[in-house]
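Given next are the chains, with one letter for each unit.
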Amino acid sequence: YLFTAVYTENNIGHFAIAEFHYLIIKKNAVGCKCKAEFLIMKLFLLFSILISNCCETSASRKNQKSLEKMKRIIKYIETNYASKISIEEMADALDLSQSHFMKFFKNTMGTTFTEYLNDYRLTMASRLLISSEASILDIAAEVGFDNLSYFNRLFKKRFYVTPREYRKRFAG
């Protein structure tokens with residue numbers, strides 16, 4: 001009956017627990033030479049289901065927390081990309097140390113925070129180069145780059161052309 005209570009509260013391993021419960025109450029292991037061996041096999045199945053389900057639940061909660069943190073980070077970047085954003089500022093916003101934040105971001109996104117932020121800024125700059133007549137210097141500043149040389153270098157590395165060439169090629 002203990003196993004039945006565990007099943008009822010956690011909704012885990014319905015078939016294995018019900019079958020195990022039935023075998024214990026009826027003491028019947030049809031088709032098996034050794035009842036004890038059969039019961040051990042069923043117990044093993046039961047515990048593997050319980051452990052598997054507990055791990056999945058814990059991992060699911062952890063993934064949900066990670067997802068929520070990433071949503072907050074991405075939203076912050078989308079809203080504030082034009083301003084100076086530091087790793088310290090982001091770590092503080094999530095109540096993490098700077099090193100933990102950097103490791104979390106890299107493990108989750110597959111790139112560093114700085115690379116992601118610069119990539120986002122470059123994407124915004126590429127849109128502005130096509131849709132506006134503003135100078136390249138103004139666009140660089142508008143998307144958060146305070147150094148035109150650095151902006152040009154990153155832009156060319158990402159798009160394989162300078163911002164001026166990009167504008168000539170894609171602006172209508």
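Residues numbered from 1 in each chain as written. Predicted model: local features only at pLDDT ≥ 70, side-chain atom pairs only at ≥ 80, totals over all residues. Heavy atoms only, no water.

J.: What exactly am I supposed to notice about the overall build of the protein chain here?
T.: The secondary structure content of the protein chain amounts to nine helices and zero strands. Written out in order from the N terminus, the α and β elements of the protein chain read α-α-α-α-α-α-α-α-α. Looking at the protein chain as a whole, 28% of its 172 residues qualify as buried. Counting only contacts in the protein chain whose residues sit at least 6 apart along the sequence, the fraction spanning at least 24 positions is 53%. As displayed, the protein chain offers around 11,800 Å² of accessible surface, 57% of which is attributable to carbon and sulfur atoms. (Helix = DSSP H or I, 4+ residues; strand = E, 2+ residues; numbered from the N terminus. Buried < 20%, exposed > 50% of the residue type's maximum accessible area, 1.4 Å probe, protein only. Contact = heavy atoms within 4.5 Å. Areas by Shrake-Rupley, 256 points an atom, 1.4 Å probe, with all protein chains shown as cover.)

J.: Just checking my understanding: could you explain the confidence of the model for the protein chain for this structure?
T.: Segments scoring low in pLDDT should not have their predicted coordinates read at a detailed level. On average, residues of the protein chain carry a pLDDT of 80, and 66% of them reach 70 or more. Note that pLDDT drops below 50 for residues 1–25; the model gives that stretch 36 contacts with residues more than four away or on any other chain. pLDDT under 50 marks residues 27–33. Its contacts with residues more than four places away, or in other chains, come to seven contacts. (pLDDT = per-residue confidence, 0-100.)

J.: I tried to follow helix α9 (residues 163–170) on my own but got confused; where do I start?
T.: Along an α-helix, residues three or four apart share an orientation, since each turn contains 3.6 residues. Every buried residue of α9 is listed here: Pro163, Tyr166 and Arg167. Projection of α9 onto a plane perpendicular to its axis shows the buried side chains occupying an angular sector of 95°, all on one side. For α9, the exposed residues lying more than 90 degrees away from the buried face are Arg164, Lys168 and Arg169. Looking at the buried residues of α9, the elements they touch are α6 (113–131), α7 (136–142) and α8 (148–159). (Arc of directions from axis to C-beta.)

J.: Would you mind going over the packing of aromatic side chains with me for this structure?
T.: The description of an aromatic ring pair rests on the distance of the ring centres and on the angle between the ring planes. One pass over the full model with this rule turns up twelve aromatic pairs. Between Phe145 and Phe151, the aromatic rings sit 5.3 Å apart at their centres with planes inclined by 55°, giving tilted as the arrangement. Geometrically, the ring pair formed by Phe155 and Phe159 is tilted, given 4.5 Å between the ring centres and 35° between the ring planes. Of the two residues, Phe155 and Phe159 both sit in helix α8, four residues apart, roughly one turn of that helix. Judged by relative accessible area, which is 0%, Phe155 ranks as buried. Grouped by ring-pair contacts, the aromatic residues Phe145, Tyr150, Phe151, Phe155, Phe159, Tyr166 and Phe170 constitute a single cluster. Just above the ring of Phe104 sits the side chain of Lys69; from NZ or CZ to the centre is 5.4 Å. (Phe/Tyr/Trp six-rings, centres within 6.5 Å; stacked < 30°, edge-to-face > 60°. Lys NZ or Arg CZ within 6 Å of the ring centre and 35° of its normal.)

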